[in-house]
Each structure stands twice: as C-alpha cells, then as structure tokens.
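# Tertiary structure, described
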Amino acid sequence: MSTNIDPYTLKVSDELLADLKSRLEHTRYPQELNLPAGQEWSYGTPISAVKDTVEYWKTTFDWRKCEADLNTKLPQFTTGIDTGIAAHGSLKLFIHGWPGNFAERLKMVDELAEPADLKHPAFHVVSPSIPGYGFSDPPTAPGFGIRRAADVFDKLMKRLGYSHYITQGGDWGALIARGLALWHQESCRAILVNMFVLHPSLLLWNPRLLLKTILGFLGAPGGYPAIQINNLKGVFEFQKTGAAYQKIQSQKPQSLGFAMTDSPAGLLAWVREKYHAWAEEGYQWTNDDLCMFTMLYWIPGPTPSFRFYKENFEDGGEDWMAILKGWSPTPLDPFHYEIVQTSSCVPGFGLVNSWGTMVQPLRYVKRHSHGGHFAAWEV
C-alpha cells in the first residue's frame, strides 16, 4: 500500500463501454400498471422515467467527454490509507453521498477555490470518496462504517498537510462530518451539513422541548409552529413510504447487488427514484446528468455502496447511536449547520432547529427557498 499522494487519471476501458452498450441494447422492461395521473411514481420508478434515458445512454451520451471533464475540472489523486480492518488499497480524492457522487461538486468547485468576488474566502477543496464509492477501492472485510470513514478522512487530511480543517457534508457525508466533530475534535474545527438527523429519545433529556413538540402536534399555544411540525410529520411518512431502499441495503445488500451489477437499466431505475423524490419538486434532471451519475456507480460496481448501509444501520449500531446522541464540544465556537427545509427535501431530515443544540453547538441555520437533497448540483 503506497502512502504517496499520486496523480490518478480516470480512464474506463473500451471493453467495459462496449459491454455496457450491449447490455443497454438488450434491456428488458418490467410490466407496469395503468396508474392515474399524479400517481405514476407510487409503485417506484415508472418506465417513462427510464426508457428515454436508456435510449440516450446507448446512442448519444459521450462518456469520454464526461471523463475528460472530470479529469480536468476535478484533478484526482490516490493514496493508500489503512482502514483499521483490512488494507483496501487506494483512496481517491472525490466526494458524494448516496446515490450522489464526487461529481456533484463540479458546479461549485471553481467558486470555492477561486471566488469571483474577492471579498469571499478561497478554500483548498479536498473531495474524498467513501471507500467503496466511486473509484475508491472497497473494504474487503466487514466493519467499515461511519467511524472508520471518519478515521480514514482525518488521516487523509493530515497526510495532505492539513493539521486543521473544516468539513461539509450531506447524506452520509453529513453523518461522517459529525463523526469527525465527535471523534477528531483536535483537527476538525468546524462542520457544515445540509442534512441533520437525531434520535427521538433525545427529547426525553429536555422536557421543555418535549412539551413544545407535543403542543405543536396538538396545535396548541406554546408549541412549535406548523411548518416545523409538518417537517417532523414527514419523518413518519418517509419511514412509511420512502425507506424501502434503506431496508434492503441495510439487510441484504449483496442480494440486491447481483441485479444492480448486471443491469445498467435496473441500476438507473434504482437511483432514478431518489433523484426524483429527493430533489426540489419540478427539478429537471438532464439525460447527461442521469447517465453520468449512474455511470459513477456502474463502472466500479454499486454493491459496496449498498453495503455501507448494513455496516451502519444493521451492524454499526454503536457508532450510529454515538453520532445521533453524542455531544461534541469545540473550543472554537465554529460548528455550522445549513438545514435546507423545503417541501421537496428528503422528508424527515428537516428537523426543528432547537433540537440540534441537544447534540452539538448549533451556530448557524439558513433555510433556502430552492434546492433539495442534491443541493450542490441543483442550485
């Protein structure tokens, strides 16, 4: 395992691309119900949301152009970092969540590194993929969850020469960022997240907030306002109708992997549902967006990304609970949370602001009028 920081160029083989085209040409579509208008997505991804993209994917989408853009706009590097459970090989410097990817930062990296307005700060941007996502080699043994990922990223930043850094994340990145704030406080000086989850039992620690929540649900004076209560109600609706992917990926990810590794159209349909449900209502994904994002799972194979759910939900409960319940004080007063709460955000992740103070110092909240779960790409 090399500990050098070596340049890495993304170049997919012609054989893999030819195989992909062949699979797309032989796509079999499932039978479908005749559903009334407005309910087309109620059983999952409809054929109409996939068929056009599959046709575009096999006839028009230019992966080589996409590949060149990624290599040019997001220069990539590789280094080997011990995960603590098994030597998994190289770690490439990208970023993502699920079903996102490092390429989501393409639209914002230039402004972060070289802002047009000189009054704004410039940043050194480091975008690591979780091992097993994108082109970061997957762990080869069980046990790689949020805590291991936080440890790897802290080692990475130190190897790059950053003894102190700040972290931003969404989806899994938000939870890993909180892990860095909890377990690596000496180096991670601030975090900014656009997804925030808490354990419901925390309310038992604060009777005042518990009472305010109950009064809000009852619509009584002294309770939380309706907009925040509706966000909380979204938690239950999400668990009831939107969390099927969590169940299978956290329980039997390997079984799902056979289908998703063999069928590019099936993989597209699996992630397409989330791009539809979690983006701002009415957001128009282009076929190029969908093809590129799906390719970043198809090329390396998506199964390790599914397994990350099992390592955390099913088998990594102790670390998961530590993040959801753990207090992480900081001496620099810098923890920042960007909580995007619109009707189109992932239901359940727009929680009452004051709840955040139960686990970490909440220094900043901004509600955006636009954007959803994939805000870095959407807005």
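Data block above holds the structure.
Not measured: the values here are computed from a predicted model.

### Remarks on the overall build of the protein
- Within the protein, the secondary structure is distributed over 15 helices and six strands.
- Relative to its full complement of 379 residues, the protein shows a buried share of 50%.
- By sequence separation, contacts in the protein at least 24 residues apart represent 77% of the contacts at least 6 residues apart.
- By element, 55% of the accessible surface of the protein is carried by carbon and sulfur atoms, the whole surface being about 18300 Å².

### As for the nonpolar core
- Of all hydrophobic cores here, the largest spans 82 residues; its most connected members are W63, L70, W98, W172, L175 and M292.
- Ranked by residue count, the leading element in this core is helix α6 (residues 172-183), at nine residues.
- Beyond its immediate chain neighbours, meaning those up to four positions away, W63 contacts L10, V12, L17, L70, M295, L296 and I299.

### Observations regarding the environment of L268
- Among the secondary structure elements, L268 is positioned in helix α11 (residues 264-278).
- Put simply, L268 and L290 are 22 residues apart on the chain and 7.7 Å apart in space, counted from C-alpha to C-alpha.
- Setting aside residues no more than four positions away along its own chain, L268 makes contact with V50, T53, V54, W57, L290 and T294.

### What about the pattern of salt bridges?
- Summed over the entire model, instances satisfying the criterion amount to nine salt bridges.
- Salt-bridge contacts for K58 lead to E55; the nearest nitrogen and oxygen are separated by 3.4 Å. Of the two residues, K58 and E55 both sit in helix α2 (residues 51-59), three residues apart, roughly one turn of that helix.
- Residue classification places K58 among the partly exposed residues on the basis of a relative accessible area of 22%.

### Re the pairing of strand β2 (residues 76-80)
- Burial analysis of β2 places four of its five residues in the buried class, the great majority of the element.
- For strand β1 (residues 6-8) and β2, the ladder comprises three bridges, and the chain directions are antiparallel. Bridge pairing in β2 places P7 opposite F77.

### Focus: the packing of α2 against α11
- Relative orientation of the contacting elements α2 and α11 amounts to 130 degrees, with a least axis distance of 11 Å. Judged by the inter-axis angle, α2 sits oblique to α11. Crossing of α2 against α11: the hand is right-handed. Of α11, the residues touching α2 (which contributes T53, V54 and W57) are P264, A265 and L268.

### Section: the packing of aromatic side chains
- Within the structure shown, the criterion is met by 20 aromatic pairs.
- The ring of Y29 has K51 lying over it, and the distance from NZ or CZ to the ring centre is 5.3 Å.
- For K107, the ring lying beneath its charged end belongs to W377, and the centroid distance is 4.2 Å.

### As for the packing of helix α5 (residues 146-159) against α6
- Between α5 and α6, whose axes approach to 9 Å, the crossing angle comes to 70 degrees. Relative to α6, the element α5 lies roughly perpendicular. Two secondary-structure elements touch here, α5 through I146, R147, A149, A150, F153 and D154 and α6 through W172, L175, I176, G179, L180 and W183.

### Details of the side chain of E378
- Inspection of the secondary structure assignment puts E378 in helix α15 (residues 375-378).
- Nearest to the buried, unbridged E378 among oppositely charged side chains is K107, at 9.3 Å.
- Within the local environment of E378, its side chain forms a polar contact with the backbone nitrogen of E280, the two atoms lying 2.8 Å apart.
- Excluding its chain neighbours within four sequence positions, the residues that come into contact with E378 are W278, A279, E280, Y283, G371, G372 and H373.

### Looking at a nonpolar patch on the surface
- Where nonpolar side chains cluster on the molecular surface, the patch consists of L112, F123, V125 and I166 and spans about 310 Å² of accessible area.
- Of note, F123 is situated in the loop between α4 (109-113) and α5.
- Overall, the relative accessible area of 35% leaves F123 in the partly exposed class.

### Some words on the pairing of strand β4 (residues 165-169)
- With burial as the criterion, only one face of β4 is covered, namely that bearing Y165, T167 and G169; the residues I166 and Q168 on the opposite face remain uncovered.
- Relative to strand β5 (residues 188-193), β4 runs parallel, the two sharing five bridges. Each residue of the ladder has a partner; that of Q168, found in β5, is L192.
- As a crossover connection, the stretch from β4 through α6 into β5 is right-handed.

### A look at α6
- Taking 1.5 Å per residue as the helical rise, α6 with its 12 residues ought to reach 16 Å, and the 16 Å between its terminal C-alpha atoms agrees with that figure.
- Taken across its 12 residues, α6 has 12 buried, putting it largely inside the fold.
- Burial in α6 covers these residues: W172, G173, A174, L175, I176, A177, R178, G179, L180, A181, L182 and W183.

Thresholds, definitions, all that
Residues numbered from 1 in each chain as written. Predicted model: local features only at pLDDT ≥ 70, side-chain atom pairs only at ≥ 80, totals over all residues. Heavy atoms only, no water. Helix = DSSP H or I, 4+ residues; strand = E, 2+ residues; numbered from the N terminus. Buried < 20%, exposed > 50% of the residue type's maximum accessible area, 1.4 Å probe, protein only. Contact = heavy atoms within 4.5 Å. Areas by Shrake-Rupley, 256 points an atom, 1.4 Å probe, with all protein chains shown as cover. Core = buried A, V, L, I, M, F, W, Y, C linked by side-chain atoms within 4.5 Å. Salt bridge = Lys/Arg side-chain N within 4 Å of Asp/Glu carboxyl O. Pairing = 2+ DSSP bridges. Axes fitted to C-alpha atoms, helices over the stretch in contact; angles between N-to-C directions. Parallel < 35°, antiparallel > 145°, perpendicular 65-115°, else oblique. Left-handed = near helix turned anticlockwise from the far one by under 90°. Phe/Tyr/Trp six-rings, centres within 6.5 Å; stacked < 30°, edge-to-face > 60°. Lys NZ or Arg CZ within 6 Å of the ring centre and 35° of its normal. Lys, Arg positive; Asp, Glu negative; His and termini not counted. Polar contact = N/O pair within 3.5 Å; in protein donor to acceptor, adjacent residues only side chain to side chain. Patch = residues over 30% accessible without salt bridge, like charges linked within 9 Å, V, L, I, M, F, W, Y side chains within 5 Å. Right-handed = clockwise from strand over helix to strand, strands pointing away. Expected span 1.5 Å × (residues − 1).

Geometric values such as these leave the question of function open.
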